[in-house]
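Fold and geometry: a report
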Amino acid sequence: MTPGIDLQGTFVRALTDLGLPAGAAKTVWIPLPMVLMLIVATVSIFICVWLERKISAAAQQRIGPEYVGPLGALQAVADGVKLIFKADITPAKADPWLFIIGPAIVVIPVFLSFLIVPFGQNLVITDLGIGIFLWIALSSITPIGLLMAGYSSNNKYSLLGGLRAAAQSISYEIPLALAVLAVVMMSNGLSTIDIVNQQSQYGILGWNIWRQPVGFVIFWISALAECERLPFDLPEAEEELVAGYQTEYTGMKFGLFYVGSYVNLMLSALIVSVLYLGGWSFPVPVESITALLGISETAPVVQIVAASLGIVMTMLKAYLLVFLTILLRWTVPRVRIDQLLDLGWKFLLPIALVNLLVTAGLKLTLPGFFGG
Amino acid sequence: MTLATLNLAEGVQLVSFGLLGLIMLVGALGVVLLSNIVYSAFLLGLVFISISGLYILLNAGFVAAAQVLVYVGAVNVLILFGIMLVNKQEDFATVKNAWVGKAATGAVCAGLFGLLSTMVLSHPWTISTVPAAGDRAIEVIGQHFFSDYLLPFELASVLLLIALVGAIILARREYLPDTAIPTEEALTLPEKPRELVAAGSRDSL
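What you are looking at is a predicted structure, and each value in this text was computed from that prediction instead of being measured.

So, on to the pattern of salt bridges. Residue and element names in this part refer to chain A. Across all of its chains, the model carries seven salt bridges over all chains by this definition. Lys253 is paired through a salt bridge with Asp88; the nearest N and O atoms lie 3.5 Å apart. With Lys253 in helix H13 (residues 251-275) and Asp88 in the loop between helix H4 (75-85) and helix H5 (96-112), the pair connects residues that are 165 residues apart, well separated along the chain. The partly exposed category is assigned to Asp88, whose relative accessible area is 48%. Several salt bridges converge on common partners, so that one network encompasses Glu52, Arg229 and Arg329.

In C-alpha cells form, the structure reads like this:
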C-alpha cells in the first residue's frame, strides 16, 4: 500500500518552517479538516435534496424544480431561506427547553459521525481504532432526541410518533450492528481505514459486497430504517400520525430535523460504500494501472491523481446509493408498523445472526479468502 | 504544577476534566432532586455521556463508546420508554410531616457519602505503571474476556438470557390470564343510532 498524501504532516512542517512551535502548528491544523467535513456534509444536503426532487419528478414523469438556479439546483437553498424566515412557534403548553434541545440531539451525533468517514488513506479527520463502533454508538443517541421532541411537543401524535421512531431506531440498530460485526470480523479491525484497505487489494473483485452479500442487504435495509426513509418512514406516516414527532415544529427547528435526515442518509451511504463497496478504491487497483503505464506510484502527480480519484470514487459510490434510495422511495410501498417490527425482529435479526455464524465458520475454513 | 508550566494538551485535558466533572455532578444532582421524572431521565443520559467523556480522557476510547452505546443508547432509552408509556399525571395528597422522611433520607445519603469518601481517601491506591493500551484496548479486553474473566462474562450473558426469556414470556401473556374485556360495549360507538337511508332512493333527495 502506498502511504498516500500526508496533508497534515506537510501543513505542520510548513508552519514550523515559518517559525511556529510544533504544538501551535498542530492546533492550527486541527479545525481545518473538521470545518471541511462540515462543509462537505452541509453541501451534501443541497445535492441530496436536489437529487431527491429531480429523480422523484423523473419517476413521476414531471420536470421538477427548474427556475431556481441552473436546472433548479438552488431549490434547496430557497427552501432553507424560507425555513429561516418562518415564524418560530413554540406551542403554548410545550416544554420549552426540551422542545429546543430535542432537534439538536437528533442532529449533533450525525455530524459527529463524520469523524470516521475516510476519503483516502490519510483523508480522514482521525483514524480512530474504534472507528465504525463510534458510528454505531453515536447513532444510538438519536432515539433520545426523538423521544425528547415527541414528549416536549405536548401532543399525542407527536408523543406516539416519537415513541414509534425510537422503537424503530432501536429495533434496526441490532441487525445493523450484527452486519457490521461480520465485516469487522473479516477485516480484523474496527478502523474504517483498515476495513477499506482489506478490500482494496484485488480491485472490484475484492470488495466486501461479494463476500458479504447477505450482510450488505441487511445493512442496507437497516440503514434505510435508521434514516427513516421510505419504505420505513412510519414515524411521520401522514395518514395516522400527522407528521409524527415533527408535527409541532416550525422554522429552523423543523429545518434541523430535515437537515439531520438528509445528512444521515448521506452518512449511511458513505458508510455502506466504506464497508461493502471498497471505500475510496477504484474498481481496478491504482497500483496495477501505474504498473501497466510504467510510472512510479510514488510520483507526486500520480499521488495527487490517485487521491482525487479516491475522493471522486467515494462520492460516486455514495451518491449511487442515494440514487437507489430515491428510486426505492417511489417503487416500494410503505410498510405497516407491525410489519416493520416483524421484519426487524423476526427476519433481519435471525438472518444477521446466521450470517455472522457463517462468516465466522468461513473465516476459520478459508482464512485466505475471508481474512484470517 | 502552576499554570505557566502547563502545555496546551495538558491544559485542554484539565479544562475538559473540570467541565465534565461539573456537568456530571450537576446532572447527577438534577437526577435526584428534580421532581419531574422525565427531566431526571434525560439528565441521567447527560451524566452517562459525561462519564464516557471521562473515559476518553483516560485513553479508553472503546470503553467510552461502549458506555454511550449501552447506557445512553439502551438503558436510558428503555427508562424513557418506561416513563413515557406509563406517564400518568397524578396529584399526590400532601403527607403530614413529610420533612421527617426527607430528613431521614438526607441523613442516610450523607452517611453513605461520608463512608465512601473515607474509604476512597484511606485506601492506598496503587497507580498502574503500565501505559494505557489505547487503540489496542479491544484486543486486551477480548483476551481477558476469554481467559481470566471468562466466568463473569458467561454469567452476565446467562443473566441477560434469563431477562430475555422473561421479557418474552411477559409479552406473550400465555401464562398471565387476561382480564375479560366486555367486547360488545367496546365495539359500539357512543352515538345515537340512526335510521338507515336507502341509497339512490328518490324520496331522500
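With that settled, the discussion passes to the environment of A:Leu320. Residue and element names in this part refer to chain A. Within the secondary structure, Leu320 sits in helix H15 (residues 300-329). Residue classification places Leu320 among the exposed residues on the basis of a relative accessible area of 54%. Residues Leu320 and Ala269, 51 residues apart in the sequence, show an inter-C-alpha distance of 8.4 Å.

On to the environment of A:Arg229. Residue and element names in this part refer to chain A. The residue Arg229 is located in the loop between helix H11 (213-226) and helix H12 (238-241) in this model. Classification of Arg229 as buried rests on a relative accessible area of 8%. Taking the C-alpha atoms as reference points, Arg229 and Ala179, 50 residues apart in sequence, are found 19 Å from one another. Filtering out sequence-adjacent residues up to four positions away, Arg229 remains in contact with Glu52, Leu224, Tyr262, Leu265, Thr325, Ile326 and Arg329. Among the polar contacts made by the side chain of Arg229, one reaches the side chain of Glu52 at a distance of 2.9 Å.

A separate point is the side chain of A:Thr192. Residues and elements named next belong to chain A. Position of Thr192 among the secondary structure elements: in helix H9 (residues 192-199). Assessed through its relative accessible area of 3%, Thr192 is described here as buried. Ignoring any residue separated from it by four or fewer positions in sequence, one finds Thr192 in contact with Ile116, Pro118, Gly131, Ile132 and Val274.

Before going further, it helps to examine unusual backbone geometry. Residue and element names in this part refer to chain A. The phi dihedral of Gln61 is positive, around 55°, even though this residue is not glycine. Residue placement: Gln61 occurs in the loop between helix H3 (31-59) and H4. Take Gln61: its relative accessible area is 75%, and that puts it in the exposed class. One non-glycine residue, Glu228, adopts positive backbone phi at about 55°. Within the secondary structure, Glu228 is located in the loop between H11 and H12.

What describes two packed helices is the angle between their axes and the distance between those same axes. Where helix H7 (residues 142-152) of chain A meets helix H3 (residues 61-85) of chain B, the closest approach of the two axes is 9 Å, and the angle between their N-to-C directions is 20°. In terms of orientation, H7(A) lies roughly parallel with respect to H3(B). Between H7(A) and H3(B) the crossing geometry is left-handed. Facing H7(A), whose interface residues are A:Pro143, A:Ile144, A:Leu147 and A:Tyr151, H3(B) presents B:Val72, B:Asn76, B:Val77, B:Leu80, B:Phe81 and B:Met84. Per-class residue counts for the contact of H7(A) with H3(B) are nine nonpolar, one polar and no charged.

Listed per partner, the contact involves 23 residues of chain B and 23 residues of chain A. Interface area lost by chain B to chain A is led by B:Phe42, B:Phe81 and B:Met84, which between them contribute 29%. If you look at where chain B meets chain A, you find zero salt bridges. Counting across the interface, chain B meets chain A through one residue pair in polar contact (both at pLDDT 80 or more). Secondary structure elements with two or more residues in the side of chain B that touches chain A: helix H2 (37-57) and H3 of chain B. Top contributing element to the side of chain B that touches chain A by residue count: H3(B), with 14 residues. Partitioning the side of chain B that touches chain A into residue classes produces 17 nonpolar, five polar and one charged.

Cut-off values and rules
- Residues numbered from 1 in each chain as written.
- Chains lettered and ligands numbered in written order.
- Predicted model: local features only at pLDDT ≥ 70, side-chain atom pairs only at ≥ 80, totals over all residues.
- Heavy atoms only, no water.
- Salt bridge = Lys/Arg side-chain N within 4 Å of Asp/Glu carboxyl O.
- Helix = DSSP H or I, 4+ residues; strand = E, 2+ residues; numbered from the N terminus.
- Buried < 20%, exposed > 50% of the residue type's maximum accessible area, 1.4 Å probe, protein only.
- Contact = heavy atoms within 4.5 Å.
- Polar contact = N/O pair within 3.5 Å; in protein donor to acceptor, adjacent residues only side chain to side chain.
- Axes fitted to C-alpha atoms, helices over the stretch in contact; angles between N-to-C directions.
- Parallel < 35°, antiparallel > 145°, perpendicular 65-115°, else oblique.
- Left-handed = near helix turned anticlockwise from the far one by under 90°.
- Nonpolar A, V, L, I, M, F, W, Y, C, P; charged D, E, K, R; others polar.
- Buried area = accessible area lost by both parts, 1.4 Å probe.

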